[in-house]
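Coordinates in review
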Amino acid sequence: MQILEKSVSNKNIIHGGKLFFLLLLMPLVFSCNPVKYVPRDQTLLNSNYIEINREGMKKSDLSPYIKQKPNKKIFGARFHLWLYNLSNIEKQKWPHGWLRRIGEEPVIFDSYSKDQSRNQLNEYIASKGYFDSNVTDSVMTQKRKSDVYYNVNLKEPYTIRNIFYEIDDTTIRELFYFDSLSCLIQRGKPYDVDVLQAERTRFERFVKNHGFYGFSSDHISFRIDSTIGNRQVNLYYDVRKAQRIDQYNRITQGSHQVYQIRNVYIYPEYVQKLALEEGMSYMERLDTTYYEGFYFITEGSKPPVKHDLILKSMYVRPGSNYSLTDVEQTQSHLLTLKTYRLVNIFFNETKPPEENPGLMMYLDCHVQLTLLSQQSFNVELEGTNTAGNFGGALNLVYQHKNLFRGAEQFNMKLKGAFEAMSQPKTKHRRAQEYGVETSLRLPKFLIPFFKPEGFIKTMNPTTTILAAYNYQDLSFFTRTMANATFGYSFTARDYRTHLVNPIQLNLVNMIKIDSAFQKLINVSSYLSNSYRDVLILGGNYSFIFNNQKIQKSRDYLFLRVNAEAAGNMLALGGSLAGAQKKNEHYYFLGQPFAQYLRLDADARYNLLINDISSVVYRVFTGIGFPYGNSRAIPFEKQYFGGGSNGIRAWQVRSLGPGSYQAPDNIDFINQTADIKIEANVEYRFKLFWVLEGALFVDAGNIWTFYDDASRQGARFRFGKFLNDIAVGTGTGFRFDFSFVTARVDMGVKLRDPAISRGSKWILASRPFDFGDDITFVFGIGYPF
């Protein structure tokens, strides 16, 4: 999470004092009378209940149609109402006015809203085919609190017996029959207005994609006949002809006409502000250039973006028929260049040529492109949270969004970072890092002898070249890391993103290792193989699915799957060349190279309960398999447990592997392994001001793929891995300052796999140790 030149203001300090004041009053909050400010002759809306007499409809589908909602609850308690009731309603000064602002006033039961809700529910169930079903309501009042019951009495839904198509326009009729298999309405299925509306949208789009610019869903309508009996309806699918005004201003009906694109006018540096301020004088001073069948309208002779690049994103072309999909893909591809702030596409109808009047209609397409600022330089203050180690970084960032006038994005970052290591047992308390990172993103699929137009049109791929160099001083060792990556990214429409890096080179050089730390790792072949010079040459692939929409509050799923392999080509080349091993390893460019396969998956599901609370589920599984030239996967690729983004009852890298218990006399705990399984559940809820709360349960562990003689119990075995699962729980607070979210969590150990005797559940095997069994972790952003 980046913090761009932000500082803590006096206002935030004042709010912090208010927060402390409110926490002191927390016991009083839960003793307040919920009907304190409810008028004597009225009642508080306590709850809404929906009772459905049979299957066929979900309560969650009906709930949005209830107009009046009771006060929000957190764990069954009306926390925000209690905050409101803590105030004196006759006083405006602090804290009374502030308590009312962050709280929620009581929701007074309204009989009119109840009646409106009942009517809306009746309309909704009728729209789903339950024509003769009904919704009744009742109210129960006790202690000035009202519960409203909506009883949904469903009968058998009406189904569709026959569909009759009444399409007068012969061209549209032929199109419909050509695509009839895609029709969403099916005989024998229940009548459903939502399905009819989806069919209107589908067929409108299909017709528009065949050149019918003037066609819309308003030309499509449905009629039903429910008098045929046997709880069935006949459905009439009507498509009207086009309406026009003739030369005598009379409304006439006729066939829908196909529109062809006549000319395309592109404004590659359109300035909307000047166009509004100057009007026609702005347009008159622009020059027009005809290039490859398109008209480019610019202010200067040298356009800011090459014409050829813009044309590669243009799917609306002169001479082609109008297509809604072509318009959408043109806009999407132009925005993906990340050079334009705004892409505006519109059409004007033009008169048909005199030689073929009336046979076809014509459109002129106008594409207005408003540029972003081409170069920027930023100074970033960054709060860092690397696996639970809290620190900060200063970044100097330069960006050019159009380096060679081809929408090439060039980024350079100079970085200096410092982190305070959070492990209580180590004497080494700091980590420093300095580095430079450059990247170049090309808006093209840079691959020889492969130009799939369909793939480029659908996926809109880009090519990225990245190079970086970092110097790290972690006190117990110092190293340099150089890496270079060449890869592609492409995005599908249905929330899917693919990242392919066929070439990824990493070069790690251990400059210095602390003597005490060297003795520690020498006792383990796994650790000694982890902390050494290594060259990693391979590639990786990532698949990402994320259906979260920022504008809409709904449940969403995030899934990321990664696959990575390294060293195979080098091993094959060395074998074919007859290379000899040195110190049990093959070498390339004077470095031993790593050979491994790594697979992992991270799935998260966010379940929204209401507008102030949600439950997030997360499952992570990963495995790294070293083989051939490696006994262990490189340290940077290993998994670890604990920390602010894992099992929070354990400090970072202090959990596992397996049932292994690290000795108390070591200075630094840094447990890593090849396999990781982790599951988390977190209940999140908004409290007041910037404060949010959370309750969580974490479970999981890490394991090695092979036996490690120095760490007994570290190896993964199918028969016993469940006995190695660690379990922790806890609570935490999040502080959402809009520009950054700070977090503090208190984790409590419940089950410790390192317990060697008796039950591994702590309370069943030994006394609770408040010093060792409770962990406080700090973080930036949400844990997942």
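The next point concerns the nonpolar core. With 27 residues, the main nonpolar core has Val264, Ile266, Ile310, Met314, Phe347 and Val367 as its most contacted residues. Elements with a minimum of two residues in this core: β10 (259–267), β12 (294–298), α11 (307–312), α12 (324–336), β13 (340–350) and β14 (361–371). With five residues, β14 is the largest single contributor of residues to this core. Setting aside chain neighbours within four positions, we find Phe347 in contact with Tyr213, Ile261, Val316, Tyr322, Val327, Leu363, Asp364 and Cys365.

Right, let's get into the pairing of strand β27 (residues 613–626). In the sheet, strand β26 (residues 596–610) pairs with β27 via 14 bridges, with the strands oriented antiparallel. The residue of β27 that forms the bridge with Tyr596 is Pro626. Turn length for the β26-β27 hairpin, with the two strands adjacent in sequence and antiparallel, is two residues. As defined by bridge partners, β27 adjoins strand β28 (residues 675–688) across eleven bridges and the pair is classed as antiparallel. By the bridge assignment for β28, Arg618 is matched with Asn680.

Restricting attention to buried positions, one finds in helix α7 (residues 170–178) the residues Ile172, Leu175 and Phe176. Projection of α7 onto a plane perpendicular to its axis shows the buried side chains occupying an angular sector of 100°, all on one side. For α7, exposure combined with an orientation more than 90 degrees from the buried face picks out Glu174 and Phe178. Check the buried side of α7 and you find it contacts β5 (159–167), α8 (193–208) and β7 (232–239).

Assignment of secondary structure puts Asn540 in strand β22 (residues 534–546). On the basis of relative accessibility, which here comes to 15%, the residue Asn540 falls in the buried class. Here the side chain of Asn540 touches Gln504 through a polar contact of 2.6 Å, side chain to side chain. If we skip the residues at most four places from it in the chain, Asn540 touches Leu499, Val500, Asn501, Gln504, Ala563 and Glu564.

Next up on the list: helix α6 (residues 111–127). Side chains of residues three or four places apart in an α-helix project in the same direction, reflecting 3.6 residues per turn. Taking 1.5 Å per residue as the helical rise, α6 with its 17 residues ought to reach 24 Å, and the 25 Å between its terminal C-alpha atoms agrees with that figure. In this structure, the buried side of α6 is in contact with α3 (59–62), β3 (134–142), β4 (145–153) and α8. In the stretch just after α6, Gly129 is the one whose phi turns positive, near 95°.

Looking at the protein as a whole, the pLDDT averages 86, with 90% of positions reaching at least 70. Across residues 1–24, confidence stays below pLDDT 50; counting only partners more than four residues off in sequence or on other chains, it has 40 contacts. Within the model, the stretch residues 423–428 combines pLDDT values under 50 with 17 contacts to residues more than four positions away or in other chains.

With an omega dihedral of 10°, the bond running from Trp94 to Pro95 counts as a cis peptide bond. Following the sequence through the fold, Pro95 ends up in the loop between α4 (79–86) and α5 (96–102). Look at the link from Gly656 to Pro657: it is a cis peptide, with omega at -5°. By the element assignment, Pro657 lies in the loop between β27 and β28. Even without glycine at this site, Arg231 takes up a positive phi of about 50°. Mapping Arg231 onto the fold places it in the loop between β6 (220–225) and β7. Within the chain, Arg653 stands out as a residue other than glycine whose phi angle is a positive 65°. Along the polypeptide, Arg653 turns up in the loop between β27 and β28.

A few words on the pattern of salt bridges. With the rule as written, the count across this model stands at 37 salt bridges. The shortest N-O distance in the salt bridge between Arg202 and Asp179 comes to 2.5 Å. Separated by 23 residues along the polypeptide, Arg202 in helix α8 and Asp179 in the loop between α7 and α8 bring together distant segments of the chain. There is no split in this pair, since Arg202 and Asp179 are both buried. For Glu682, the salt bridge is made with Arg734, and the minimal N-O distance between the two is 3.0 Å. Taken together, the residues Glu682 in strand β28 and Arg734 in strand β30 (residues 726–736) connect sequence positions 52 residues apart. Neither residue differs from the other here; Glu682 and Arg734 are each classed as buried.

Bridging between strand β8 (residues 242–245) and strand β9 (residues 251–254) involves four bridges; their strand directions are antiparallel. Looking at the pairing, Ile245 lines up with Ile251 of β9. Where β8 folds back onto β9 in an antiparallel hairpin, the turn is made up of five residues, including Asn249, whose phi is positive at roughly 60°.

Turning our eyes to something else, we now look at the sheet that holds β14. Strand order in this open sheet of five strands is β11-β12-β10-β14-β13, and the pairing throughout is mixed. In this open sheet, the two edge strands, each paired with only one partner strand, are β11 (287–291) and β13. With direction set aside, neighbouring strand axes in the sheet form an average angle of 25°. Judged from the two bridges that link them, β10 and β12 form a sheet pairing that is parallel. In the strand pairing of β12, Tyr265 is matched with Tyr295.

Within this structure, the stated rule accounts for 46 aromatic pairs. Ring plane angle 85° and centroid distance 6.1 Å describe the contact between Tyr37 and Tyr84, whose orientation is recorded as edge-to-face. Placement of Tyr37 in the loop between α2 (26–29) and β2 (44–52) and of Tyr84 in helix α4 is noted, with a sequence separation of 47 residues between them. Exposure remark for Tyr84: the relative accessible area of 10% places this residue in the buried category. Aromatic side chains Tyr683 and Phe685 sit 5.3 Å apart centroid to centroid with 35° between the ring planes, which places their arrangement in the tilted category. A relative accessible area of 12% places Tyr683 in the buried class. An aromatic cluster is present here, built from Tyr165, Phe176, Tyr177, Phe203, Phe206, Phe215, Phe222 and Tyr237 joined pairwise through their rings.

Ordered in space as β5-β7-β6, the three strands form an open sheet in which the pairing is mixed. Only two strands of the sheet have a single neighbouring strand rather than two, namely β5 and β6. Shown here is a sheet whose adjacent strand axes are inclined to one another by a mean of 20°, direction ignored. Alignment of β5 against β7, held across eight bridges, turns out to be parallel. Paired with Asn162 across the bridge in β7 is Asn234. Packed onto the sheet, α7 meets β5 and β7 and runs at close to 145° relative to β5. Sheet contacts for α8: β6 and β7; angle to β6, the most-contacted strand, approximately 145°.

Geometrically, a packed helix pair is captured by the angle between its two axes and the distance between the axes. Remark: α7 packs on α8, axes separated minimally by 11 Å, with the N-to-C direction vectors making an angle of 115°. Relative to α8, α7 is oriented roughly perpendicular. Crossing of α7 against α8: the hand is right-handed. Of α8, the residues touching α7 (which contributes Ile172, Leu175, Phe176 and Phe178) are Glu199, Phe203, Phe206 and Val207. Class assignment of the residues belonging to the contact of α7 with α8 gives a composition of seven nonpolar, no polar and one charged.

Reading the values: the criteria
Residues numbered from 1 in each chain as written. Predicted model: local features only at pLDDT ≥ 70, side-chain atom pairs only at ≥ 80, totals over all residues. Heavy atoms only, no water. Core = buried A, V, L, I, M, F, W, Y, C linked by side-chain atoms within 4.5 Å. Buried < 20%, exposed > 50% of the residue type's maximum accessible area, 1.4 Å probe, protein only. Helix = DSSP H or I, 4+ residues; strand = E, 2+ residues; numbered from the N terminus. Contact = heavy atoms within 4.5 Å. Pairing = 2+ DSSP bridges. Arc of directions from axis to C-beta. Polar contact = N/O pair within 3.5 Å; in protein donor to acceptor, adjacent residues only side chain to side chain. Expected span 1.5 Å × (residues − 1). pLDDT = per-residue confidence, 0-100. Salt bridge = Lys/Arg side-chain N within 4 Å of Asp/Glu carboxyl O. Axes fitted to C-alpha atoms, helices over the stretch in contact; angles between N-to-C directions. Phe/Tyr/Trp six-rings, centres within 6.5 Å; stacked < 30°, edge-to-face > 60°. Parallel < 35°, antiparallel > 145°, perpendicular 65-115°, else oblique. Left-handed = near helix turned anticlockwise from the far one by under 90°. Nonpolar A, V, L, I, M, F, W, Y, C, P; charged D, E, K, R; others polar.

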